[in-house]
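# Working through the structure, step by step
Residue-level listing of the chains:
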Amino acid sequence: MPKNSKINKQIWMLALLSSILLSIPYIVPHTGLVSLFALVPLFLAEQLAHNSGKKRFFHIAYTSFLVWNLITTFWVWFATPGGAVAAFVLNTLQMAIIFSLFRWMRKFTNGFLPYLFFCIVWLAWEHSYQNGQINWPWLILGNSFATSIKHIQWYEFTGTLGGSLWILLSNMLIHRIILLKNRQKPIRVSVEALAAVILIPTIFSHILYYNCREEENPAEFAVLQPNIDPYTDKFGGQSLMEQTANLLELADRAAGQVADTVPQIVVAPETFIFNERWSSRLQESAPDRNPSYKAIANWVKGENLSGKELSMIVGAVTYNGDKYHNASIFMEASDDSTASVVPQYYHKSKLVVLAESNPFRSGPFKFMDQLVRNMAGGIGDYQPQDTRDVFEASHGVKVGTAICYESVFPHFYREWALNGANVMAIITNDGWWRDTPGHKQHLNYARLRAIENRRGIARSANTGISAFINQRGDIVQQTGWWERGYLTGTLNLNEEKTIYPIHGDIIGRLSRFLTFLFLLMGVARKIAKKYILK
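The paragraphs below set out a description of the structure included in this document.

Conventions adopted
Residues numbered from 1 in each chain as written. Predicted model: local features only at pLDDT ≥ 70, side-chain atom pairs only at ≥ 80, totals over all residues. Heavy atoms only, no water. Pairing = 2+ DSSP bridges. Helix = DSSP H or I, 4+ residues; strand = E, 2+ residues; numbered from the N terminus. Axes fitted to C-alpha atoms, helices over the stretch in contact; angles between N-to-C directions. Contact = heavy atoms within 4.5 Å. Parallel < 35°, antiparallel > 145°, perpendicular 65-115°, else oblique. Left-handed = near helix turned anticlockwise from the far one by under 90°. Nonpolar A, V, L, I, M, F, W, Y, C, P; charged D, E, K, R; others polar. Buried < 20%, exposed > 50% of the residue type's maximum accessible area, 1.4 Å probe, protein only. Right-handed = clockwise from strand over helix to strand, strands pointing away. Patch = residues over 30% accessible without salt bridge, like charges linked within 9 Å, V, L, I, M, F, W, Y side chains within 5 Å. Areas by Shrake-Rupley, 256 points an atom, 1.4 Å probe, with all protein chains shown as cover. Salt bridge = Lys/Arg side-chain N within 4 Å of Asp/Glu carboxyl O. Lys, Arg positive; Asp, Glu negative; His and termini not counted. Charge placed at Lys NZ, Arg CZ, Asp CG, Glu CD. Core = buried A, V, L, I, M, F, W, Y, C linked by side-chain atoms within 4.5 Å.

Right, let's get into the sheet that holds strand S7 (residues 390–392). The strands that make up a sheet pair up through hydrogen bonds in the backbone, lying either parallel or antiparallel. The strand order across the open sheet formed by 6 strands is S7-S8-S9-S10-S11-S12, and the pairing between neighbours is mixed. Strands at the two margins of the open sheet, each flanked by one partner only, are S7 and strand S12 (475–478). Strand-to-strand twist of the sheet, defined as the mean angle between neighbouring strand axes without regard to direction, takes the value 20°. Running over the sheet, helix H13 (residues 410–418) touches S7, strand S8 (398–403), strand S9 (423–428) and strand S10 (457–461) and is turned about 165° from S8. Contacting S9, S10, strand S11 (467–469) and S12, helix H14 (residues 437–453) runs over the sheet at an angle of about 25° to S11.

Attention shifts here to the packing of helix H2 (residues 40–51) against helix H8 (residues 160–180). Packing of H2 against H8 brings their axes to within 9 Å, and their N-to-C directions diverge by 45°. Between H2 and H8, the angle is such that the two are oblique. Note on packing geometry: the crossing formed by H2 with H8 is right-handed. For the pair H2 and H8, contact is made by Val40, Phe43, Leu44 and Gln47 and by Asn171, Met172, Ile174, His175, Ile178 and Leu179, respectively. The class makeup of the residues in the contact of H2 with H8 is 7 nonpolar, 3 polar and no charged.

Next up on the list: the pairing of S9. Consecutive side chains of a regular strand alternate in pointing toward one face of the sheet and then the other. Counting buried positions over the 6 residues of S9 gives 6, a clear majority of the element. The two faces of S9 match: Val423, Ala425 and Ile427 on one face and Met424, Ile426 and Thr428 on the other face are all buried. Pairing analysis gives 5 bridges linking S8 to S9, with the strands arranged parallel. Bridging across to S9, Val399 finds its partner in Val423. Strand direction decides the pairing type here: S9 and S10, joined by 5 bridges, are parallel. Bridge pairing links Met424 to Ile457 in S10. Traced from S9 through H14 to S10, the parallel crossover comes out right-handed.

As a further point, take a positive patch on the surface. On the surface, Lys55, Lys107, Lys526 and Lys529 cluster together into a patch of positive charge. With respect to the secondary-structure elements, Lys526 resides in helix H16 (residues 506–532).

For the rest of this paragraph, the subject is the nonpolar core. Trp122 and Phe221 are the most contacted members of the largest nonpolar core, which totals 103 residues. Setting aside chain neighbours within four positions, we find Trp122 in contact with Phe65, Trp68, Met95, Ile98, Leu141 and Leu168.

In this section: the packing of H2 against helix H5 (residues 81–106). Following both chains from N to C, one finds H2 and H5 inclined at 45°, their axes separated by 12 Å at the closest point. Between H2 and H5, the angle falls in the class oblique. In this structure, H2 meets H5 at a crossing whose hand is right-handed. For the pair formed by H2 and H5, the contact residues are Leu42, Phe43, Glu46, Gln47, Ala49 and His50 on the first element and Phe99, Phe102, Arg103 and Arg106 on the second. Here the residues of the contact of H2 with H5 are counted per class, giving 5 nonpolar, 2 polar and 3 charged.

Right under this line is the structure:
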């Protein structure tokens with residue numbers, strides 16, 4: 001075999017090995033530590049290409065990242081083929097561009113500096129991607145530890161980007177050790193640095209995990225999983241009132257598990273109440289016109305098998321004038337003699353691109369509007385809100401309620417804790433993706449949010465996995481996939497705010513600033529090399 005052909009084969013094998021290693025923590029539980037060396041083969045492939053004079057590497061990096069995206073998020077195809085293609089292509093493109101910037105920096109700097117640049121630019125991208133109008137931050141590197149929570153209890157200080165930083169530093173140090181080969185002293189220093197980078201966060205995390213003692217301040221919750229097929233039954237196979245009867249039967253059984261004197265908050269899934277007929281759409285100014293809302297409100301007021309007044313959080317499609325929302329509604333009987341229900345509303349604000357919002361309607365990408373519509377078919381137009389409103393119950397429980405996709409965004413999610421939530425709920429559907437890793441990843445990302453904010457979570461999923469998660473990220477109870485049922489249990493309230501909700505993504509903001517400085521340095525060195533040092 002010709003030498004160049006053999007080298008080319010080695011490069012491709014190394015690049016694809018990284019794809020597999022990067023995917024393992026998202027597919028196989030408790031394998032988060034694999035991510036600490038998952039990028040090393042790709043770095044070695046680039047080094048081999050660099051040493052052999054191979055100038056074109058973009059297509060190799062792109063393929064490597066594309067395979068990672070496909071292995072871990074192929075399930076998006078089942079919900080939206082057009083959206084899946086867009087997510088795979090565009091997400092991979094951004095990753096490959098970052099790697100190309102790293103290669104560009106290698107032309108003007110040497111040693112560890114270009115790898116440090118790669119680390120900083122990647123972190124800046126992850127931070128910006130979460131906060132952009134077009135976003136798909138499912139594969140943030142720090143999410144690799146979603147099932148390895150004993151290793152990352154320090155996310156309460158750094159957020160998930162702290163995990164991304166840990167992964168990038170570990171990979172760079174391992175790669176450096178391999179490159180140094182027989183240079184004994186530099187290898188010893190690098191090995192010592194690597195040991196410190198891996199062991200100190202791990203030991204600290206385990207100390208935090210085993211010493212995490214929740215203050216006894218329990219609140220009673222129930223989560224409902226009506227298991228209504230989103231494709232065949234939810235929006236056509238069953239009437240809204242048939243679905244409501246299904247839900248309230250579960251709610252009655254859940255309420256019967258708790259003593260009459262104990263307040264209980266029942267949590268029901270996303271978009272449970274929907275617009276079956278235009279005449280009965282749920283107008284926020286007059287919600288009783290919707291029969292499902294009215295039945296649930298009556299249940300809350302005491303028209304249930306236990307005969308007691310309760311509280312419920314339920315997802316709904318609501319209307320406010322000419323705008324409509326993917327909303328959560330908190331219902332609780334008032335203390336006055338009318339025993340009426342005064343609803344509190346929150347409108348989903350991190351909307352799924354194309355399915356719930358159209359970022360191409362205006363702005364610099366307006367030219368793509370018609371193309372995207374043709375690819376995606378129907379495009380939603382839900383309206384978000386600016387604040388993370390907290391539902392306040394009469395017995396002191398303050399619930400922040402994230403709707404589906406919102407639980408994937410750490411910097412966004414933390415605002416509920418910042419606004420006073422002492423416990424969290426997540427309402428979702430999770431039945432769009434079939435029995436694939438998608439609904440499992442979504443559940444496990446909630447564990448990261450519990451750690452970052454030290455808030456217990458009551459999670460209601462229509463067809464996915466409903467669960468109770470404690471403040472250190474343990475799943476205390478959970479339902480099965482695609483099973484009708486409910487859970488009852490307690491979550492401890494927590495008024496204390498951790499470092500992360502207070503200060504947010506410090507690592508991300510700092511990385512964005514350093515990226516700007518590095519790019520200036522790279523341009524300056526390029527100019528110096530071309531015009532001054534030649």
